[in-house]
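A look at the structure
For reference, the chains in residue letters:
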Amino acid sequence: FTVSCASQVEETAEERTNLEQPQEAESPKLLAGTISKYYRFDKEHYENSLKEGKVIFLDFYANWCPICKSESPNIIAAFNELNNPGVVGYRVHYNDNEVTDDDKETAQKFGITYQHTKVVLDKNGNVALKSLEAYSKDEVINAINGAFGG
């Protein structure tokens, strides 16, 4: 019991020290994946991924959309299976109550007019694929792998 209390005191002191030091920007909310990660869209993180030359999967998602809801488990399963650190995905909210100004700007940039649109960017940031079709897990993986030219 005494060790447990001392451990808690040490953690508190460490936390205090961390508060005094500048913190790195937090990663956006992770939705899936351990190597190829799928996040809630964050403009700064997305722009860093572009600079790093990653293949980027964008899912324009509305939380009220039945197609988006039925497709979401397939996208999550695909990212949980993918094991390429050169791949990253983002859920970009579109026309729902969670949309941000950055989401709107990104949708506008890619000419998105419907939710459940998917866009895959190659490592140079060029659009390799844009689709309104509902994807299975394998179709998500194939769309991403296709951006590598393979």
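Up top you'll find the structure we're talking about.
Quick notes on the rules
- Residues numbered from 1 in each chain as written.
- Predicted model: local features only at pLDDT ≥ 70, side-chain atom pairs only at ≥ 80, totals over all residues.
- Heavy atoms only, no water.
- Helix = DSSP H or I, 4+ residues; strand = E, 2+ residues; numbered from the N terminus.
- Buried < 20%, exposed > 50% of the residue type's maximum accessible area, 1.4 Å probe, protein only.
- Areas by Shrake-Rupley, 256 points an atom, 1.4 Å probe, with all protein chains shown as cover.
- Phe/Tyr/Trp six-rings, centres within 6.5 Å; stacked < 30°, edge-to-face > 60°.
- Axes fitted to C-alpha atoms, helices over the stretch in contact; angles between N-to-C directions.
- Parallel < 35°, antiparallel > 145°, perpendicular 65-115°, else oblique.
- Left-handed = near helix turned anticlockwise from the far one by under 90°.
- Contact = heavy atoms within 4.5 Å.
- Nonpolar A, V, L, I, M, F, W, Y, C, P; charged D, E, K, R; others polar.
- Pairing = 2+ DSSP bridges.
- Core = buried A, V, L, I, M, F, W, Y, C linked by side-chain atoms within 4.5 Å.
- Polar contact = N/O pair within 3.5 Å; in protein donor to acceptor, adjacent residues only side chain to side chain.

Re the overall build of the protein chain
- Across its full length, the protein chain carries five helices and six strands.
- For the protein chain, the α and β elements follow one another from N to C terminus as α-β-β-α-β-α-β-α-β-β-α.
- Counting every position in the protein chain, which comprises 150 residues, the buried fraction comes to 37%.
- Of the accessible surface of the protein chain, which amounts to about 9000 Å², a share of 48% is contributed by carbon and sulfur atoms.

Structural notes on the packing of aromatic side chains
- A complete count under the given rule lists six aromatic pairs for this structure.
- Arranged with centres 5.1 Å apart and planes meeting at 20 degrees, the rings of Y38 and F79 form a pair that is stacked. Here the residue Y38 occupies a position in strand β2 (residues 37–40), and F79 occupies one in helix α3 (residues 66–81), the gap between them amounting to 41 residues. F79 shares its class with Y38; the two are buried.

Comments concerning the packing of α3 against helix α5 (residues 137–146)
- Where α3 meets α5, the closest approach of the two axes is 8 Å, and the angle between their N-to-C directions is 55 degrees. One finds that α3 runs oblique with respect to α5. α5 is crossed by α3, and the crossing has right-handed handedness. Contacts between α3 and α5 involve N74, I75, A77, A78, F79 and E81 on the former and, on the latter, K137, V140, I141 and I144.
- Of the residues belonging to the contact of α3 with α5, the class tally is seven nonpolar, one polar and two charged.

With respect to the sheet that holds strand β6 (residues 127–131)
- Within the open sheet, the six strands sit side by side as β1-β2-β4-β3-β5-β6. Their pairing is mixed. Both outer strands of the open sheet, β1 (30–32) and β6, are each paired with one neighbouring strand and no more. Going from strand to strand, the sheet's axes swing by 20 degrees on average, the running direction of each strand aside.
- Packed onto the sheet, helix α2 (residues 43–51) meets β2, β3 (55–61), β4 (87–93) and β5 (117–121) and runs at close to 150 degrees relative to β4.

So, the nonpolar core
- Ranked by internal contacts, the top residues of the largest apolar core, which has 16 residues, are F57, F79, V140 and I144.
- Mapped onto this core, the elements with two or more residues apiece are β3, α3 and α5.
- No other element matches α5, which puts four residues into this core.
- Apart from the residues lying within four places of it in its own chain, the contact partners of I144 are V55, F57, F79, L82, V87 and V120.

A short note on the side chain of H93
- Here H93 is to be found in strand β4.
- Within the structure, H93 has its side chain in polar contact with the side chain of D96 (distance 2.6 Å).
- What H93 contacts, discounting residues up to four positions off in sequence, is R40, Y61, E98, V99 and D103.

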